[in-house]
Amino acid sequence: MAFKALAAFLSVAALQVANAALTRRVACPDGINTATNAACCSLFALRDDLQQNLFDNGECGEDVHESLRLTFHDAIGIGSFGGGGADGSIAIFEDIETAFHANAGIDEIINEQKPLVARHNLTVGDFIQFAGALGVSNCPGAPRLPAFLGRPNAVAPAPDKTVPEPFDSVDSILARFADAGNFSTVEVVWMLISHTIAAADLVDPTIPGTPFDSTPGRFDTQFFLETQLKGTLFPGTAGNQGEVQSPLGGEIRLQSDHDLARDSRTACEWQSFVNNQAKLQNRFQAVFTKMTVLGHNPDDLIDCSEVIPEPPAFTGSATFPAGFTNDDVEQACAATPFPTLATDPGPVTSVAPVPPS
Ligand code: HEM
Ligand SMILES: *[C@@H]1O[C@H](CO)[C@@H](O)[C@H](O)[C@H]1NC(C)=O
Ligand SMILES: *[C@@H]1O[C@H](CO)[C@@H](O)[C@H](O)[C@H]1NC(C)=O
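- As annotated in an unreviewed UniProt entry, the protein chain carries the name Peroxidase and is attributed to Somion occarium.
- What UniProt states about the protein chain under its Sequence similarities (unreviewed entry) heading is, verbatim, "Belongs to the peroxidase family. Ligninase subfamily."

### Some details on the nonpolar core
Okay, step 1: Among the nonpolar cores identified, the biggest contains 87 residues, and L50, F130, F219 and F224 are the most heavily contacted of them.
Okay, step 2: A total of eight residues in this core trace back to one element, the largest contributor, which is helix α7 (residues 124–136).
Okay, step 3: Setting aside anything within four residues of it in sequence, one finds L50 in contact with F55, L116, F127, F130, A131 and L134.

### A word on the coordination of the iron atom of ligand 1
Okay, step 1: For the iron atom of ligand 1, the protein supplies a single donor, H195 (NE2), at a distance of 2.2 Å.
Okay, step 2: Considering the arrangement of structural elements, one finds H195 in the loop between α9 (185–191) and β4 (199–200).

### Points about empty space enclosed by the protein
Empty space among the atoms becomes visible once a probe the size of a water molecule is rolled across them.
Okay, step 1: All told, the structure shown has one cavity of 30 Å³ or more when counted by the stated rule.
Okay, step 2: Taken as a whole, the largest cavity spans an internal volume of roughly 40 Å³.
Okay, step 3: What lines the largest cavity is simply F55, D56, E59, G61, E62, D63, V64 and S357.
Okay, step 4: For the lining of the largest cavity, the class distribution of residues is two nonpolar, two polar and four charged.

### Description of the side chain of E226
Okay, step 1: Tracing the chain through its elements places E226 in helix α10 (residues 222–226).
Okay, step 2: Buried within the structure, E226 lacks any salt-bridge partner; R253 is the closest side chain of opposite charge, at an N-O distance of 8.0 Å.
Okay, step 3: A polar atom in the side chain of E226 sits 2.7 Å from the side chain of Q222.
Okay, step 4: Apart from residues no more than four positions distant in its own chain, E226 is found in contact with D213, S214, L248, E251, R253 and P321.

### Here we look at the state of the cysteines
Okay, step 1: All chains considered together, the criterion is met by four disulfides.
Okay, step 2: The disulfide partner of C60 is C139, and the S-S distance across this bridge is 2.1 Å. On the S-S bond that ties C60 to C139, the torsion sits near 85 degrees, and the link is right-handed. In this pair, C60 sits in the loop between α2 (42–53) and α3 (62–75) while C139 sits in the loop between α7 and β3 (148–149), placing the two residues 79 residues apart along the sequence.
Okay, step 3: Linked covalently through their sulfurs, C268 and C333 form a disulfide whose S-S length is 2.0 Å. Taking the torsion about the S-S bond as the criterion, the C268 to C333 disulfide, at about 95 degrees, is right-handed. Note that C268 is positioned in helix α12 (residues 267–272) and C333 in the segment after β9 (302–303), a separation of 65 residues in sequence.
Okay, step 4: Given the relative accessible area of 29%, C268 is considered partly exposed.
Okay, step 5: Counting only the cysteines that form disulfides, in the order they appear in the protein chain, gives the pairing 1-3, 2-7, 4-5, 6-8.

### What about the pattern of salt bridges?
Okay, step 1: Scanning the model with the defined rule gives twelve salt bridges in all.
Okay, step 2: Taking the shortest distance from any N to any O, the salt bridge between D48 and R47 comes out at 3.3 Å.
Okay, step 3: The partly exposed category is assigned to D48, whose relative accessible area is 35%.
Okay, step 4: Via salt bridges that share partners, D171, D263 and R265 belong to a single interconnected network.

### Looking at the layout of surface pockets
Okay, step 1: Approximately 1100 Å³ is the volume attributed to the largest pocket.
Okay, step 2: Taken together, 49 residues make up the lining of the largest pocket; nearest its centre are R69, H73, H195, F212 and L254.
Okay, step 3: Of all the secondary structure elements, the ones that give two or more residues to the lining of the largest pocket are α3, α6 (107–119), α8 (170–181), β4, α11 (255–260) and α13 (277–291).
Okay, step 4: Ranked by residue count, the leading element in the lining of the largest pocket is α3, at eight residues.
Okay, step 5: Among the residues forming the lining of the largest pocket, the class breakdown is 31 nonpolar, eleven polar and seven charged.

### Focus: the environment of H120
Okay, step 1: In this fold, H120 is placed in the loop between α6 and α7.
Okay, step 2: Taking C-alpha positions, H120 is 9.5 Å from D49, a pair spaced 71 residues apart along the chain.
Okay, step 3: Dropping the residues within four chain positions of it, H120 is found in contact with A45, L46 and D49.

What counts and how
Residues numbered from 1 in each chain as written. Chains lettered and ligands numbered in written order. Predicted model: local features only at pLDDT ≥ 70, side-chain atom pairs only at ≥ 80, totals over all residues. Heavy atoms only, no water. UniProt positions renumbered as here; feature names shortened; annotations may be inferred. Core = buried A, V, L, I, M, F, W, Y, C linked by side-chain atoms within 4.5 Å. Buried < 20%, exposed > 50% of the residue type's maximum accessible area, 1.4 Å probe, protein only. Helix = DSSP H or I, 4+ residues; strand = E, 2+ residues; numbered from the N terminus. Contact = heavy atoms within 4.5 Å. Donors = N, O, S within 2.8 Å, 3.2 Å for Na, K, Ca; no water. 1 Å grid on protein atoms, 1.4 Å probe; cavity = no way out; pocket = protein on both sides within 12 Å on 5 of 7 lines; lining within 4 Å. Points joined across faces, edges and corners; volume = space filled by probe spheres on them. Nonpolar A, V, L, I, M, F, W, Y, C, P; charged D, E, K, R; others polar. Lys, Arg positive; Asp, Glu negative; His and termini not counted. Salt bridge = Lys/Arg side-chain N within 4 Å of Asp/Glu carboxyl O. Polar contact = N/O pair within 3.5 Å; in protein donor to acceptor, adjacent residues only side chain to side chain. Disulfide = S-S within 2.5 Å.

Right under this line is the structure:
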């Protein structure tokens, strides 16, 4: 008995030593924080600066949405015809890359981030990816995204045509993602989870801030439900190329999202996210982790994910907006019926635009 107790005591002591070795943290020069790698210490001040001075004290608003879009437009600049991936080239060579059609409007967030980039000692690629991951942590329902340091600054701009456009065909979108980073067909759908916190300023410039779903401040599954409602393709008039009229007032739908929701290769994966918050979080975290290191060997980067806060939870269910039911769904997945969901009570309302910030 005594021996057993001693053995148990010794093995607990050994475990504690092993744990301490695994989680040994360094004290940061700020005298407040600790980190597993001293290189991550500088990110605490950047985190606070971004939250206060770019993200309006922790909102999931336009600046967060634009910062997430920027992570993509920088990272996807890679492939068989050139580009260095997530290397900051979009901001370093701003004059060149923001002139590309697909980057319309992205100069706004580049210029808002610029003074913060100047105040902090990070490469531009690291900054852009960190700002996006941090910003998303303000959105209820979001997964906690990773943050890495060590991407060298770009030495050349990315070429044009690396960023997909809303009027591109599903074939061309799948091919572009495969070329950029060996993304599979389902991973392309996972990438579009991002559009749950999104609005368009320039797809139809007459209605800036028009969201892609009814809850652009929440990282939920409504986007996948609402893109499956019957919608009308706009005639290809100048100014709204790639736009589909959503049946929900105040909402815009990209033709690319409309088509991905209906193509036989992607429709079932698209539908699988409706009312599946856990899958939404898991897959977006996985695909962002792949995207955020494009152009780099992950082994060369330092993992500073501990600096990203745990996002607020969202525990509600997906629902049809008032006035809509399962009858309004344009079923596209042949294998599985659309989930049966409740309808929001009350009168039919229009979705409010995302205010500029
Ligand atoms: C087929 C691929 C994609 C296409 C065609 C596409 C296209 C677009 C377009 C046209 C807009 C509206 C821009 C404007 O007029 O202001 C937009 C917004 C946005 N996109 Fe994408 N996108 C794609 C994939 C992605 C990916 C992979 C991400 C991130 C991982 C992303 C994140 C966003 C976000 C967050 C916004 C909202 C920006 C805001 O509200 O200011 N998109 N996208
Ligand atoms: C800036 O960061 C680099 C790389 O992490 C580091 O070597 C350098 O000492 C830092 N400079 C300042 C002023 O903190
Ligand atoms: C691309 O991804 C597939 C899995 O989707 C994997 O089997 C293959 O090895 C990858 N190819 C490259 C070049 O990384």
